[in-house]
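# What the coordinates show
Listed here are the chains, written in short residue letters.
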Amino acid sequence: MNLSVKIGKLTMQNPVTVASGTFGYGAEYARLIDLNQLGAVTVKGIRLNPVPGNPTPRTAEVTSGMLNAIGLQGPGVDGFIKKYWPFLRELKVPTIINIWGTTVEEYAEVARRFDALGGVGALELNVSCPNIKEGGAQFGTDPKLLAQVVAACRAATTLPLITKMSPNVPSIAPLAKAAEDAGSDALAVTNSFPAMAIDIETRRPKLANLTGGLTGPAIKPIAIKLVWEAAKAVKIPIIGMGGIQNAADAIEFMMAGATAVAVGTANFYEPQTSLFIIAGIRDYMARKQIVDVREVTSSVRV
Amino acid sequence: MNLSVKIGKLTMQNPVTVASGTFGYGAEYARLIDLNQLGAVTVKGIRLNPVPGNPTPRTAEVTSGMLNAIGLQGPGVDGFIKKYWPFLRELKVPTIINIWGTTVEEYAEVARRFDALGGVGALELNVSCPNIKEGGAQFGTDPKLLAQVVAACRAATTLPLITKMSPNVPSIAPLAKAAEDAGSDALAVTNSFPAMAIDIETRRPKLANLTGGLTGPAIKPIAIKLVWEAAKAVKIPIIGMGGIQNAADAIEFMMAGATAVAVGTANFYEPQTSLFIIAGIRDYMARKQIVDVREVTSSVRV
Amino acid sequence: MLEQTVTIVSNERDTDQYFRLVVRAPQITPLIQPGQFAHVRILPLKDALLRRPFSIFQVAGDTFSILYKNVGKGTEVLSRMRAGEELSVIAPLGHGFTVPAAGGETPLLVAGGYGMAAMFLLAQRSPQTGIVFVGGRRRVDILCEKDFAAIGWEVRVATEDGSHGEKGLVTQPLLAELKRSAVGRKLFACGPTPMLEAVGKIAEDIAVACELSMDEHMCCGVGTCLTCVIKVKAGDGWEYQRTCTEGPVFDSRSIAWEVAK
Amino acid sequence: MLEQTVTIVSNERDTDQYFRLVVRAPQITPLIQPGQFAHVRILPLKDALLRRPFSIFQVAGDTFSILYKNVGKGTEVLSRMRAGEELSVIAPLGHGFTVPAAGGETPLLVAGGYGMAAMFLLAQRSPQTGIVFVGGRRRVDILCEKDFAAIGWEVRVATEDGSHGEKGLVTQPLLAELKRSAVGRKLFACGPTPMLEAVGKIAEDIAVACELSMDEHMCCGVGTCLTCVIKVKAGDGWEYQRTCTEGPVFDSRSIAWEVAK
Ligand SMILES: Cc1cc2nc3c(=O)[nH]c(=O)nc-3n(C[C@H](O)[C@H](O)[C@H](O)COP(=O)(O)OP(=O)(O)OC[C@H]3O[C@@H](n4cnc5c(N)ncnc54)[C@H](O)[C@@H]3O)c2cc1C
Ligand SMILES: Cc1cc2nc3c(=O)[nH]c(=O)nc-3n(C[C@H](O)[C@H](O)[C@H](O)COP(=O)(O)OP(=O)(O)OC[C@H]3O[C@@H](n4cnc5c(N)ncnc54)[C@H](O)[C@@H]3O)c2cc1C
Ligand SMILES: Cc1cc2nc3c(=O)[nH]c(=O)nc-3n(C[C@H](O)[C@H](O)[C@H](O)COP(=O)(O)O)c2cc1C
Ligand SMILES: Cc1cc2nc3c(=O)[nH]c(=O)nc-3n(C[C@H](O)[C@H](O)[C@H](O)COP(=O)(O)O)c2cc1C
Ligand code: FES
Ligand code: FES
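Residues numbered from 1 in each chain as written. Chains lettered and ligands numbered in written order. Predicted model: local features only at pLDDT ≥ 70, side-chain atom pairs only at ≥ 80, totals over all residues. Heavy atoms only, no water.

## A look at the overall build of chain A
When its secondary structure is counted, chain A shows ten helices and 16 strands. Radius of gyration (C-alpha) of chain A: 18 Å, near the 19 Å computed for a compact globule of 302 residues. Each principal axis of the C-alpha distribution contributes one length, and for chain A these read about 55 × 50 × 40 Å. Burial status across chain A gives 67% buried among its 302 residues. The long-range share in chain A, meaning contacts at least 24 apart out of those at least 6 apart in sequence, stands at 71%. When the accessible surface of chain A is totalled, it reaches about 9,700 Å², and 51% of it is carbon and sulfur. (Helix = DSSP H or I, 4+ residues; strand = E, 2+ residues; numbered from the N terminus. Rg over C-alpha atoms; globule rule 2.2 N^0.38 Å. Buried < 20%, exposed > 50% of the residue type's maximum accessible area, 1.4 Å probe, protein only. Contact = heavy atoms within 4.5 Å. Areas by Shrake-Rupley, 256 points an atom, 1.4 Å probe, with all protein chains shown as cover.)

Following this line, the structure appears as structure tokens:
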């Protein structure tokens, strides 16, 4: 039975990774699960310099999901390399580094730094964080800006580039195409949805940032549709995500067009989710007599 | 205690109506609840001629929500007037008629017909149905087209016009503004979200139409954010909807900027939801010593 | 049609994955007609909002029961509920079977799997007894034989694996019986759609009256959402009608099987 | 830190809206340090996904307990769970209190409401007994007096409505005691943030060592999500640190109260 998939030139031993920002820098969950069983570890978004992030409260629970406005708190490239890279470098599975910037140049510079580091599995370009004004969200909704960011990173590195798409567009196809044409090796679909919750007792928004990103099972049907549309628009592989809780969800994303999947919010309430999913995909393949997991991708019958 | 609100020149005895397409033509629920206690009854979308709708399966249950692709099945203007209007006309509460067309002219013609009918409370322009190709969705995402539809209807009727916004845009503000400027008396925010679900056993999409609209509690935080943004962009009142299940949800929408609210998917599983909400709003106002429900609108403290 | 919170009196396994659930609902029971259904909100169900439709199986005093198969999320949770716990029901719903008039046609009932549940009240309220043909994949899918026998009905069984009764589809013994005599007889059927179509075809071929109870996915159950439509002949063509309101029982001749494909 | 499915041994009302829940968790109990917490997934909770953090209250053999207040969705469902039902816990988590060394400082504990829960293990494992100052709004908010008395600790109570002990805030008797003698004493506090700030201020004014257990909303509980951060002094400024990982217990002098506002 083959579970391995390729994202550009990156080989994953199975199609399951974790979603950026929901798995810290890997080490935090190492005491609860065996990271070496994952397809890849994807780390929290990093820009050039350290970022303090937003004031608290930063998350709020909502029906079948959560809102977050962490504000991309992070150690910057140097801090990451010093504090977290020594651990990640030793893993048997590749690390996908999620990067962002406020300008095209910054994206490219961060890409260049990680290219120089050596040993990185792939770079994921977050052009769709809804939680900070300069957080790249505008890059994710305008095909021209998106193409600029991707092209600049493409010029800066030979690492596989994964462009993380914004869900917040009338049609994802032109953006998906723009990323592909500008040299992206894969797409990640999708980021969180701009959302809001208000405490009616205090009349205050539940997040200090006022608004935040909705994630979790609530968004799954919208994310499935976005993956399906993106897959029709491009030839490059897609990493599907948004509310994945179990193997059935992961397989649904793959049928819609994803080559691999990422587990996000579910890590917070069930850190073993990704391992359960890998086991569940095996069971499904055995039951359906599927010998290669790549047959599942885009196998929806329409 | 005042619960009444105004939507243009339409007075509602309380801020709670039902969402188009989730309440049939009123009569169906009359045996389960007293319709005369609602703020208004909003009926399923109607275009000029009868519409057969989509093949089945037309709905599917998803986590904390549902997908639908009914395809705007309806009797057309004449059928509606003949079969359903005699009942609705006798209600003590106003009827809001949800209308659509495939061209600007058709919208205007339908508006003209209902203007001539007499006794209609308001017209809600559905420019955002995701489930049929010509279903007006393109009118809902392009400010210029939206302005044309609204202006044509404005010229065709003196009835209050409510423009029902699409959620599927990077920013709702320019569309809200376009509707206001073209003469809309109010906005309805929001329609369902384009989404998809796949049965992994059969590999078939769960809807015959392949994709459909996601509604129910899952979408509430996104809808709250859209109401909040629309309310900042316009001066006209907003009818908020999307996942409202109880009075707390309704009050949250009002705090975000809604003058009135509509109960949709919840009718299907709990037909009394709207009446419970009216009672719950009263309780909240009593507890918080609020004498006029209009004080709740936009009262979020940011 | 009433919406009520009702208390479970009992909820016990019948055979295999089939369960009988009895609820107390004094205001609802007097209203129930054969072939109608209850729309049930399984309150402890997580994340899943919609009600589930079940045929009303038996009525006894101020209680009614359903006979359900554990097939998914909702019925799984339902099967673990206990006496004393509560459900919300909207019932009775839908347009049921035409109860045969005294001295009128002899009813031949045809059921597959939990389709038997929809037939019992009809048998019980029919002035003349008849035959119930019941089919299923295996022995455990044959329900309620004793219940029908207790009210004096003959039960003829067919199973696909031959583990009980005749081996094959239920339409075989039905066809044999109709070939013997079709006059003065009327068919009533409930079960999987392919079975209903086969029964409808037989009725048409043999020119015998036939009512079918259709099983379509439902959402509201009361006619507002337009989820549950099937294609019904109208004029030269067809129109969508609602299984929950115009149905679940339809005259078999009215169904537009051809365009339904 | 382990993730385990544990069985409820008992779950009983303490006073008013406070409950004591005991679970069997043989692999976890040996690891627990005073001031650590358990991150609990309340499995029957509908629609609400996240775990809830609770201080570990007592450890006895292969069981540990939490003392929780019914304040919302999760704790409401938790309060209706019964012996034999299961929970998922990740525990023990966080950086706890420094247990006083034998012959070292005398611990003065300060608690508000369910803050008492975080203090018991510290008292029990402290080589020397001390005084626990406990405050609350009403008599029912004063928890665990007997538990502390049973291990030889003195308990001083203050309630805002004067229904039990001194009338007023818990900082009053604390301040009085410290004015009597601050030397060789160390403060440990857990409770609402305003109380913690007041205690921290007293510690600074009187120059006595002080550890505070901070209560911030949490999501992952293990350091990955960056939900639970508070502002902690760093160099000339401050940095965010995680209550679930660097905390919940912080040295009071390290907290950047000024910029936290
Ligand atoms: C008029 C009518 C009468 C029925 N009578 C009975 C009966 O007496 N006994 C019995 O066991 N079953 C009966 N059914 C089928 C029963 O409604 C489904 O088995 C049940 O809804 C499955 O729910 P679930 O949550 O376990 O399955 P899931 O597959 O988890 O349900 C997911 C969704 O699909 C819907 N769904 C799934 N299967 C069906 C189905 N066959 N028909 C309609 N909706 C479905 C559910 O309602 C739910 O919305 C009847 C259906 C109809 C329409
Ligand atoms: C380190 C730590 C130790 C704690 N120890 C105890 C204890 O021993 N006993 C006790 O009764 N409570 C304790 N709490 C508070 C407890 O976590 C909350 O009361 C509980 O999460 C409320 O959940 P709910 O679903 O009932 O409330 P809801 O208001 O419905 O919860 C909604 C969301 O807000 C979060 N939340 C609400 N209140 C708090 C709070 N005060 N702190 C953190 N998150 C909150 C919930 O976890 C959930 O995600 C502790 C909190 C922390 C951070
Ligand atoms: C707390 C939190 C932090 C996140 N941080 C990042 C981030 O730094 N970069 C990024 O691209 N996406 C980030 N995301 C988005 C996730 O990677 C993922 O796209 C999203 O959560 C959808 O998946 P899910 O529904 O499974 O959580 C974050 C999500 C959450 C919940
Ligand atoms: C089955 C169904 C049919 C609908 N039909 C219409 C319609 O005809 N016209 C329209 O404007 N909106 C229609 N809607 C959208 C609702 O009016 C409402 O905007 C949406 O359901 C969000 O609210 P909710 O989450 O409370 O359901 C329909 C929704 C559902 C679920
Ligand atoms: S189920 Fe809603 S119309 Fe039949
Ligand atoms: S709760 Fe996630 S980092 Fe502390």
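## A few points about the interface of chain A and chain D
Often the size quoted for an interface is simply the accessible area lost on bringing the parts together. Counting from both sides, the interface comprises 31 residues of chain A and, opposite them, 25 residues of chain D. Roughly 2,400 Å² of surface becomes buried between chain A and chain D when both sides are summed, with 57% attributable to carbon and sulfur atoms. Contact with chain D buries surface across chain A, with Glu61(A), Phe268(A) and Tyr269(A) losing the most and accounting together for 27% of the total. Linking chain A to chain D there are three salt bridges. Glu61(A) is the salt-bridge partner of Arg52(D), the closest N and O atoms lying 2.7 Å from each other. (Buried area = accessible area lost by both parts, 1.4 Å probe. Salt bridge = Lys/Arg side-chain N within 4 Å of Asp/Glu carboxyl O.)

## What to know about helix α6 (residues 173-181) of chain B
For α6(B), the complete set of buried residues consists of Leu175(B), Ala176(B), Ala178(B), Ala179(B) and Glu180(B). Just beyond α6(B), the residue with positive phi is Gly183(B), at close to 110°.

## A closer look at the pattern of salt bridges
The final tally for this structure, using the stated rule, is 62 salt bridges over all chains. Its salt-bridge partner being Arg287(B), residue Glu201(A) comes within 2.8 Å of it at the nearest N-O pair. Of the two residues, Glu201(A) is situated in the loop between β12 (198-199) and β13 (204-205) and Arg287(B) in helix α10 (residues 273-287); the pairing between them involves two chains. With a relative accessible area of 39%, Glu201(A) lands in the partly exposed category. Since its relative accessible area comes to 52%, Arg287(B) is described here as exposed. A salt bridge links Glu252(A) to Lys220(A); its shortest N-O distance comes to 2.9 Å. Here Glu252(A), found in helix α8 (residues 247-256), pairs with Lys220(A), found in helix α7 (residues 220-233); they are 32 residues apart in sequence, far enough to count as distant. Note on Glu252(A): relative accessible area 5%, which makes it buried. Residue Lys220(A) is classed as buried on the basis of its relative accessible area, which comes to 14%. One continuous salt-bridge network, built from bridges that share partners, spans Glu154(C), Arg156(C), Glu177(C), Arg180(C) and Arg185(C).

## Regarding the packing of helix α4 (residues 171-180) of chain D against helix α5 (residues 193-206) of chain D
Residues and elements named next belong to chain D. The geometry of α4 relative to α5 is characterised by a closest axis approach of 11 Å and an angle of 15° between their N-to-C directions. One finds that α4 runs roughly parallel with respect to α5. The way α4 lies across α5 gives a crossing that is right-handed. Where α4 approaches α5, its residues Thr171, Leu174, Leu175 and Leu178 are matched on the opposing element by Ala198, Val199, Ile202 and Ile206. Along the lines of polarity and charge, the residues of the contact of α4 with α5 split into seven nonpolar, one polar and no charged. (Axes fitted to C-alpha atoms, helices over the stretch in contact; angles between N-to-C directions. Parallel < 35°, antiparallel > 145°, perpendicular 65-115°, else oblique. Left-handed = near helix turned anticlockwise from the far one by under 90°. Nonpolar A, V, L, I, M, F, W, Y, C, P; charged D, E, K, R; others polar.)

## Points about the sheet that holds strand β2 (residues 18-24) of chain C
Residue and element names in this part refer to chain C. Here seven strands make up an open sheet; going across it, the order is β4-β3-β7-β1-β2-β6-β5 and the pairing antiparallel. The open sheet has two free edges, formed respectively by β4 (52-55) and β5 (58-60), since each of these has just one partner strand. On average, each strand axis in the sheet is tilted by 35° relative to the strand beside it, whichever way the strands run. For β2 and strand β6 (residues 63-69), the ladder comprises seven bridges, and the chain directions are antiparallel. Each bridged residue has a counterpart across the sheet, and for Phe19 the counterpart in β6 is Tyr68. (Pairing = 2+ DSSP bridges.)

## Examining the confidence of the model for chain C
Caution applies to low-pLDDT regions: their predicted coordinates should not be interpreted in detail. The predicted model of chain C averages 94 in pLDDT, with 99% of residues at 70 or higher. With pTM at 0.96, the complex prediction returns an ipTM value of 0.96. (pLDDT = per-residue confidence, 0-100.)

## A few points about helix α4 (residues 171-180) of chain C
Residue and element names in this part refer to chain C. Taken together, the buried positions of α4 are occupied by Thr171, Pro173, Leu174, Glu177 and Leu178. Taken down its axis, α4 places every buried residue within 165° of arc, on the same side. Residues of α4 that are exposed and point more than 90 degrees away from the buried face comprise Lys179 and Arg180. Where α4 is buried, its residues contact β8 (106-112), β9 (131-136), β10 (154-159), β11 (166-167), β12 (185-190) and α5 (193-206). (Arc of directions from axis to C-beta.)

## Overview of the pairing of strand β14 (residues 211-215) of chain A
All names here are of chain A. β14 sits mainly inside the fold: five of its five residues count as buried. As paired elements, strand β6 (residues 65-68) and β14 share three bridges and run antiparallel to each other. When the sheet's bridge partners are listed, Asn68 is paired in β14 with Gly213. By the bridge criterion, four bridges tie strand β11 (residues 193-196) to β14 in an arrangement that is antiparallel. By the bridge assignment, Ala195 is partnered in β14 with Gly212.

## What about the sheet that holds strand β5 (residues 59-62) of chain B?
Residues and elements named next belong to chain B. Ordered by their spatial adjacency, four strands build an open sheet running β5-β6-β14-β11, and the pairing between neighbours is antiparallel. Each edge of the open sheet carries a strand with a single partner, namely β5 and β11 (193-195). The sheet shows a mean angle of 35° between the axes of neighbouring strands, taken without regard to direction. Inspection of the sheet shows β5 paired to strand β6 (residues 65-68) by four bridges, in the antiparallel sense. In the sheet register, Ala60 faces β6, and the bridge partner there is Leu67.

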